[in-house]
Every structure is written in structure tokens, then in C-alpha cells.
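Below are the chains, spelled out letter by letter.
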Amino acid sequence: MTPLSGSAMLDQDTISALATPPGRGGVGIIRLSGKRSGEIARAMLGFAPEPRRAHYAPFLGGDGEVLDEGIALWFPAPHSFTGEDVLELQGHGGPVIMDWLLERTVTLGARLARPGEFSERAFLNDKLDLAQAEAIADLIEASSRAAAENALHSLQGEFSTRVQTLVQRLIELRVYVEAAIDFPEEEIDFLGDGRVAQRLSAVCESLAEVRASAAQGALMREGMSVVIAGRPNAGKSSLLNALTEQETAIVTDIAGTTRDVLREHIHLDGMPLHVIDTAGLRDTPDAVERIGVARAWSEIERADRVLLMVDSRESDAVDPMAIWPEFVARLPDPSKLTLVRNKIDESGESAEPDFSAMPPVIRLSATTGAGVESLKAHLKEVMGYQATSEGRFSARRRHLEALDRAGQALTHGVEQLAGAGAGELLAEDLRAAQDALGDITGEFSADELLGEIFGSFCIGK
Ligand SMILES: Nc1nc2c(c(=O)[nH]1)N(C=O)[C@@H](CNc1ccc(C(=O)N[C@@H](CCC(=O)O)C(=O)O)cc1)CN2
Ligand SMILES: Nc1nc2c(ncn2[C@@H]2O[C@H](COP(=O)(O)OP(=O)(O)OP(=O)(O)O)[C@@H](O)[C@H]2O)c(=O)[nH]1
Ligand SMILES: [Mg+2]
């Protein structure tokens, strides 16, 4: 299957690590994987454990002394997490005991595992594909139930299956196109009869659907960044405080109060949100404030969502184009904009949002809290919140990039077909698209990529 070399090649070492978090806990688990695990089990237990059975036994030191007593689990290859012989020693969770046991396994011929090495071996032994292995790390890192559910779906293969289905369809298409190339007399008919074009566009459509779900998964994993921007005194910091339900930012009636960028993390029904409060945008002679304004602009340019806040007591038009064309002109993507009309407690405006407007309009009072729930609902909506976790899965930026590369190759292929009717060039594009998708599941992944991915796991995983 995967051609491997260098660091990604499975080494023959037996690895050992603490599988539970360092520190004190009810139970601490040392996990071993590799050929010597059986030997080490016999040395430390004094008997050969039965496969997949919990043995309560003393764990022995070099002179037969008891280091701890606990539960031993023995999973002979290939029916284990890594696909290799795996031994678990579940002892009392204290750092001294765990260290002692770990040292004993090293004396008996194991070496300490690198971060992610168990999962890497599971991947290299075909127990998991790369997207599933990444999902394990995402599951461990998940900071909300929604994120954990998504990661579990990916671990269970939901994302991988959708990618595999795309790959399968690309393979079928390649076979068809390559057959057309091999029979040049019929090539024109084969490629020109519209069936290839039709199947190609169907694959593009499915790819776009997977891309949309993956983007959603990545957003929920990484969180959406929401920048609050506007003129000084609009009430930006007051809104940050309302969203975090804390006195996070300094609020005064002095224009130019906020100078630095303030970042806070909140969850909306488990959806992570990075709320960013910025300095009020204005020309100012104050050197410090000017730097703050420059920082505000760079946050605006990077944001997933920009809330342009205006003071509704002032006679602004609803349309930000009209009140502030330069602002809109500087936005990289105007569809990321929401207009927030603040201070409705004094302007007397109703809290009724207007989602049909372009950009959508939210009316609220950061001080009384009226309309803040509408804003939250709006943010969940633009993040693609669904009440059920069905069909959702976790994904990473890396996956989106691979899907984009596949999409570009297919778009190029469509052009080749429409323009020159060139079968060979189309076949080449289909292969490129397939390779890009293969990066997601790790079918032909470079060692550096694997090193990077597994290196970011925690030790013992
Ligand atoms: N004690 C313990 N708990 C744990 C783990 C572990 O390694 N040890 N896990 C570690 O992440 C997770 C569970 N993941 C696991 C995945 C596969 C296998 C396993 O033995 N698979 C075999 C047999 C499958 C079967 O019997 O159906 C296989 O795939 O062949 C074990 C744990 C979470 N809980
Ligand atoms: N009545 C009323 N006053 C508000 C509301 N929101 C904010 N204010 C007041 O408006 C003033 C400015 O609020 P801030 O939150 O500091 O405004 P800002 O946009 O962060 O200002 P800079 O940091 O200077 O850019 C303060 O006196 C707030 O109490 C609101 O909804 N209603
Ligand atoms: Mg402020």
C-alpha cells in the first residue's frame, strides 16, 4: 500500500509511555506497543497474560519485588489499537509509581514513545487513516461537546468515507477517459458524447458539498473569529463585555478608550467563537492610538465575521455603504459583514433584526442586553449551526487545502475537455485531483507531513 521511507517507516522498537495524564489520579496506565511487549509482560507479571483479559496481579521489579499491583491487559497483534502487540499496565496513578514502572519497561528493552507514536503506528498498520488519526487528537483537544461529537464522527470514518467515495468516482472516470485515450479512433465519440462532462460536473458538485461540510467542521474546530469594529464610542467594548458576560474591557465615554486588540473566547451552544474588540477607527495624532487603529484594520481584514457597530442615536442611514464607503471598500469580503446598530435603549429603535438587508442588520443595546440574543443567533446561523450533530465531522485547514487543490484540478479538467477535448490532459487533471484527496486520508503522504501531524499529539497517544 503506502510507499514509506525514512522516519515514517515502521520501526521495530517497542515503545512505552504513560497513557494517562501526568500527575496524580485514581489510576495510571502505562501502555507498550511492539514485539517485546510479550516478553516484558512475562517479566513484570511472572506469567503470560491471556489475550484481552483483565488480570489483577503484582507488577514486579528486577529482583522480583513488587513495584505496584494493578490490572494488566494484553492485546496480541494484530487485534490492538496499534495493530502490534500491546500491553497495558494499569496501576495506581501517582507520578513516582508511574515513573518507576516506565523505567522498568525501558530496562526490559522498551524505549520511551515520541508524541503521537501509538497513533502513528495505528496509521502505519492501517488501523486508521490519517484523517481518523487527526480526529483522535481533535477529540482529545475538543473544548465543547459539539466539537467532541464532530471529532468522534471523523474518528468513526464519516469524513474519510466521503473522501473515499469521491476518490472512487474519480477512479471510475479515469478508467473511462484512459480507455478513450487507448482507442484513439473512438476518442472523439467517447469524450464528446457528453457523458464524461456530465460525470465530471457531478463529481465537482459532490466535491463542493464535501468542501462545505469540511469548512463547517474546521470552523467548529478552530472557532470563528468575530471582530467588533467601528468609530470610537460606538459601544464595541460594551458589546464584548455583554458577550463574555464579564467586565473584560474598559468602557468609558472617552472616545479612543480601547487601543489594543482584545481577544476573548466564548462558546455559543458549543460553537467556539473568538470575539475581538478593537480600537475605534479614526484619524488621530496620538501615536499609540494610531497603532491601535492599524491593528484594528489588520484584524478586520483577517476576520471570519466583521460586526460594524454604529451608534443608532446618530442619524446614520442603515446602509453602511452610504455611511462609510471606505470601510466597505477595505473589507476583503463584503459578505462577511454585519451591521450592528447599538444604543437602541436611547434611540428608541426596536430590537428587530433585519436579515433580509444586505448586509444584515442587528439592533441592540450593549448596556441593557436587548437584542444581544438575536446577535448570538445570527452568529450561530452564519457559522452554520445545526441543532443536530448528524452529518457533521471535524476537519482541519490542511483538509480544506487538499479539497481546494482537488477542486482546482477538476476545474482545469473541465476546461481541457470543453476547450481542446484533450483526453490526456483531462486524465492528468483527474490524477492530480485524486492525489490531492489522497493527502487527506494519507494514502501517499510525505514523511514530513506525518512528522508534523503526529508530532503535535500528546505523549502516550
Ligand atoms: N484502556 C484503554 N482505553 C482506551 C484506549 C486504549 O488504548 N486503552 N484507547 C486508545 O486510543 C481508546 C479506545 N481505542 C481502541 C481502539 C482499538 C482497540 C483494539 O483493541 N482494537 C482491535 C480489536 C477490535 C475489537 O475487538 O473489535 C483491532 O482493531 O483489531 C482498542 C482501543 C480509548 N480507550
Ligand atoms: N445608552 C447606551 N450607552 C451605551 C451603550 N453601549 C455603550 N454605551 C456607552 O457608550 C460609551 C462608549 O462605550 P464603549 O464600549 O467604551 O465604546 P467603544 O466603541 O469601545 O469605544 P472606543 O474604545 O473608544 O473605540 C460608554 O459610555 C458606554 O457606557 C448602549 O447600548 N446604550
Ligand atoms: Mg472600546
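Conventions and cut-offs
- Residues numbered from 1 in each chain as written.
- Chains lettered and ligands numbered in written order.
- Predicted model: local features only at pLDDT ≥ 70, side-chain atom pairs only at ≥ 80, totals over all residues.
- Heavy atoms only, no water.
- Helix = DSSP H or I, 4+ residues; strand = E, 2+ residues; numbered from the N terminus.
- Buried < 20%, exposed > 50% of the residue type's maximum accessible area, 1.4 Å probe, protein only.
- Contact = heavy atoms within 4.5 Å.
- Areas by Shrake-Rupley, 256 points an atom, 1.4 Å probe, with all protein chains shown as cover.
- Lys, Arg positive; Asp, Glu negative; His and termini not counted.
- Charge placed at Lys NZ, Arg CZ, Asp CG, Glu CD.
- Donors = N, O, S within 2.8 Å, 3.2 Å for Na, K, Ca; no water.
- UniProt positions renumbered as here; feature names shortened; annotations may be inferred.
- Pairing = 2+ DSSP bridges.
- Phe/Tyr/Trp six-rings, centres within 6.5 Å; stacked < 30°, edge-to-face > 60°.
- Lys NZ or Arg CZ within 6 Å of the ring centre and 35° of its normal.
- Near = heavy atom within 4 Å.
- Polar contact = N/O pair within 3.5 Å; in protein donor to acceptor, adjacent residues only side chain to side chain.
- Core = buried A, V, L, I, M, F, W, Y, C linked by side-chain atoms within 4.5 Å.
- Nonpolar A, V, L, I, M, F, W, Y, C, P; charged D, E, K, R; others polar.

To continue, consider the overall build of the protein. In terms of helices and strands, the protein carries 17 helices and 12 strands. Judged by the C-alpha coordinates and their principal axes, the protein covers about 85 × 75 × 40 Å. When the 461 residues of the protein are sorted by exposure, 49% land in the buried category. Long-range contacts, defined as pairs at least 24 residues apart, comprise 65% of the intrachain contacts of the protein with a sequence gap of at least 6. Summing over all exposed atoms, the protein offers an accessible surface of approximately 21700 Å²; the carbon and sulfur share of this is 53%. Both charge centroids of the protein, one from 44 positive and one from 72 negative side chains, sit 4 Å from each other.

Our focus in this paragraph is the coordination of the magnesium ion (ligand 3). Here the magnesium ion (ligand 3) is held by the protein donor atoms S237 (OG) and T258 (OG1), which lie 2.0 Å from it. Remark: T258 occurs in the loop between helix 9 (236–244) and strand 8 (262–268) and S237 occurs in helix 9; sequence separation between them is 21 residues. The two residues S237 and T258 agree in class, both being buried.

What follows covers the UniProt feature "binding site: (6S)-5-formyl-5,6,7,8-tetrahydrofolate" (unreviewed entry) in the protein. The feature "binding site: (6S)-5-formyl-5,6,7,8-tetrahydrofolate" (unreviewed entry), as given by UniProt, occupies R31, E88, K127 and K461 in the numbering adopted here. With respect to the secondary-structure elements, R31 resides in strand 2 (residues 25–33). Judged by relative accessible area, R31 falls into the buried class, the value being 9%. For R31, the residues in contact, after removing those within four places along its chain, are I15, S16, A17, A19, F81, V86, L87, E88, F118, G460 and K461.

Let's shift gears to the pairing of strand 1 (residues 15–18). In this structure, strand 1 lies alongside strand 2, joined through 4 bridges in antiparallel fashion. In the strand pairing of strand 2, I15 is matched with S33. Where strand 1 folds back onto strand 2 in an antiparallel hairpin, the turn is made up of 6 residues, including G23, whose phi is positive at roughly 115°. Where strand 1 meets strand 6 (residues 111–112), 2 bridges bridge the pair, whose relative direction is parallel. Each residue of the ladder has a partner; that of I15, found in strand 6, is R111.

To continue, consider the packing of aromatic side chains. Considering all chains together, one arrives at 5 aromatic pairs under this definition. A ring pair is formed by W324 and F327, whose centres lie 5.1 Å apart and whose planes are at 45°; its orientation type is tilted. Given a relative accessible area of 0%, F327 falls into the buried group. Look at F454 and F457: their rings are 5.3 Å apart centre to centre, the planes differ by 45°, and that puts the pair in the tilted class. The same class applies to F454 as to F457, namely buried. By way of ring pairs, the aromatic residues F123, F454 and F457 are connected into one cluster. The ring centre of Y176 lies 5.3 Å from the NZ or CZ of R199, which sits over that ring.

This part takes up the site of ligand 1. What surrounds ligand 1 is the set R31, R52, P78, H79, S80, F81, E88, Q90, K127 and K461. Between ligand 1 and the protein, one listed contact pairs an oxygen atom with a side-chain N or O atom of H79 at 3.5 Å. E88 places a polar side-chain atom, nitrogen or oxygen, 2.5 Å from a nitrogen atom of ligand 1. Protein burial of ligand 1: of its 680 Å² of free accessible surface, 49% is covered by the chains.

Let us now look at the nonpolar core. Counting residues in hydrophobic clusters, the biggest one holds 35 residues, and the most contacted among them are F159, V177, L403, L410, L430, L437 and I440. Sorting the residues of this core by element identifies helix 6 (158–182), helix 8 (195–222), helix 15 (397–419) and helix 16 (423–441) as the ones contributing at least two each. For this core, the element with the highest residue contribution is helix 6, accounting for 10 residues. Not counting residues within four places of it along the chain, the set of residues in contact with L437 comprises V163, L166, V167, L170, L207, L403 and A406.

A separate point is the site of ligand 2. Ligand 2 sits among 23 residues. The nearest are K236, S238, G256, T258 and D345. Residue S238 places a side-chain N or O atom 2.6 Å away from an oxygen atom belonging to ligand 2. A distance of 2.8 Å separates a nitrogen atom of ligand 2 from a polar side-chain atom of D345. Those elements giving two or more residues to the shell around ligand 2 turn out to be helix 9 and helix 13 (344–347). Grouping the amino acids of the shell around ligand 2 by side-chain chemistry returns 6 nonpolar, 12 polar and 5 charged.

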